[in-house]
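Chain by chain, the residues run as shown.
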Amino acid sequence: MMVTCATCGKEYNRAPAYIQKNGRNFCSRHCAETYTGKPFSGQYGGKPTKKKVVQSVAGSLEVGKQYSLRDIITKCQQSPGRYKFTASEMAQLLYHFCDDMVSIGHNVWMRQEVPA
Ligand SMILES: [Zn+2]
């Protein structure tokens, strides 16, 4: 079923079950965020989880560039949720939830291309 994005006006196909009948539909998370001016936080709203924060920050890092754990923590602490992270906690989160992040030395991490 075709619906129209409330932000960019693009028509896109969506399963009828996911269409907001009296609400607004968005073609992408980006458009939802643009419209509301708030980070998209899922169907039920609320704060993003620590895991989500780390995943979104890791996903924005440059592939092949080295980042100190400290840099990554700073970026995460400035992200929505405003969580505090310890170094060991951050290393655990990166290790378990970010498949494209590899530790390449003491507290140094790099984002690598994920094999398809
Ligand atoms: Zn859109």
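Note that the coordinates shown come from a computational prediction; the quantities given were computed from them, not determined experimentally.

Asks: Which parts of the structure should I look at to understand the sheet that holds strand S5 (residues 108-111)?
Replies: Hydrogen bonds along the backbone pair up the strands of a sheet, which may run parallel or antiparallel. In spatial order, the strands read S3-S5-S4; together these three strands make up an open sheet with antiparallel pairing. In this open sheet, the two edge strands, each paired with only one partner strand, are strand S3 (66-68) and strand S4 (101-105). Here the average twist between neighbouring strands, direction ignored, is 40°. With four bridges joining them, S4 and S5 adopt antiparallel strand pairing. Paired with Met 101 across the bridge in S5 is Arg 111. The strands touched by helix H3 (residues 69-77) are S3 and S5; relative to S3, the strand with the most contacts, the crossing angle is about 75°.

Asks: Any chance you could explain the packing of H3 against helix H4 (residues 87-97) here in plain terms?
Replies: Any two packed helices are characterised by the angle at which their axes cross and by the distance between the axes. The geometry of H3 relative to H4 is characterised by a closest axis approach of 10 Å and an angle of 85° between their N-to-C directions. As judged from the angle between their axes, H3 and H4 are roughly perpendicular. On H4, the residues touching Leu 69, Ile 72, Ile 73 and Cys 76 of H3 are Ala 87, Met 90 and Ala 91. Counted by class, the contact of H3 with H4 contains seven nonpolar, no polar and no charged residues.

About the criteria used
- Residues numbered from 1 in each chain as written.
- Predicted model: local features only at pLDDT ≥ 70, side-chain atom pairs only at ≥ 80, totals over all residues.
- Pairing = 2+ DSSP bridges.
- Helix = DSSP H or I, 4+ residues; strand = E, 2+ residues; numbered from the N terminus.
- Axes fitted to C-alpha atoms, helices over the stretch in contact; angles between N-to-C directions.
- Contact = placed C-beta atoms within 7 Å.
- Parallel < 35°, antiparallel > 145°, perpendicular 65-115°, else oblique.
- Nonpolar A, V, L, I, M, F, W, Y, C, P; charged D, E, K, R; others polar.

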